[in-house]
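Structural description and commentary
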Amino acid sequence: MKEEMYSVEQVADRLGLHVRTVRGYIRSGRLRAVRIGKQYRIAATDLDALTGQAPPAVAPGPAEVSSIVQIDGVDRGAADRLGTLVLASANTGHDQANPLRVQTVHDEARRRLKIIILGDPAATAELLHLLDAVLNADNGLLDREVHDA
């Protein structure tokens, strides 16, 4: 967002002051300004500070949650299955304007899977609930051996 800048003449006109008075405010430090070449430019917020006006209220942005889930004792196959499940869940049924961002990292030597989730608190909680249900269920997703039927 680019802030509006005023010349000394514009500030004097807005405040009903003489140009010399505004320059005096700048020289004394009462009004902040940036010198560009031979001219001063005054930011709108600095003008508001001089006149005692409150800066415009800024609406808070949407909240974002970051979560790291570490799962030990996971081989490559189970890590791939869990990663696919988590990524598929993150990419479906959520606000497409603010998608969840998910990354998985598997450490083969430590048999450890880390899942990093960034996004909306409600969508993150939903994904964490799914992950909790899968990890605590006896559904064979984390089985290390594939059995032929």
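Report on the accompanying structure. Bear in mind that the values here come from a model prediction, so they are computed numbers and not experimental data. (Residues numbered from 1 in each chain as written. Predicted model: local features only at pLDDT ≥ 70, side-chain atom pairs only at ≥ 80, totals over all residues. Heavy atoms only, no water.)

1. Details of the environment of Val-65
- Topologically, Val-65 is positioned in strand β4 (residues 65-72).
- Looking at Val-65, the relative accessible area reads 27%, which means it is partly exposed.
- Beyond its immediate chain neighbours, meaning those up to four positions away, Val-65 contacts Ile-117, Leu-118, Gly-119, Pro-121 and Thr-124. (Helix = DSSP H or I, 4+ residues; strand = E, 2+ residues; numbered from the N terminus. Buried < 20%, exposed > 50% of the residue type's maximum accessible area, 1.4 Å probe, protein only. Contact = heavy atoms within 4.5 Å.)

2. A word on the pattern of salt bridges
- The full count for this structure, using the stated rule, is 6 salt bridges.
- Residues Arg-76 and Asp-80 are paired through a salt bridge, measuring 3.6 Å at the closest nitrogen-oxygen approach. Of this pair, Arg-76 and Asp-80 both sit in helix α4 (residues 76-90), separated by 4 residues, roughly a single helical turn.
- Judged by its relative accessible area of 39%, Arg-76 is partly exposed.
- Its relative accessible area of 40% is what places Asp-80 among the partly exposed residues.
- Overlapping salt bridges bring together Arg-76, Asp-80 and Glu-108 as one network. (Salt bridge = Lys/Arg side-chain N within 4 Å of Asp/Glu carboxyl O.)

3. Focus: the sheet that holds strand β2 (residues 34-36)
- Spatial ordering of the open sheet is given by β1-β3-β2, a layout of 3 strands whose pairing is antiparallel. The open sheet has two free edges, formed respectively by β1 (5-7) and β2, since each of these has just one partner strand. Recorded for the sheet is a direction-independent mean angle of 40° between the axes of neighbouring strands.
- Bridging between β1 and strand β3 (residues 39-43) involves 3 bridges; their strand directions are antiparallel. Looking across to β3, one finds that Ser-7 is bridged to Arg-41.
- Contacts between helix α1 (residues 8-15) and the sheet are confined to β1 and β3, with β1 contributing the most and set at about 90° to the helix. (Pairing = 2+ DSSP bridges. Axes fitted to C-alpha atoms, helices over the stretch in contact; angles between N-to-C directions.)

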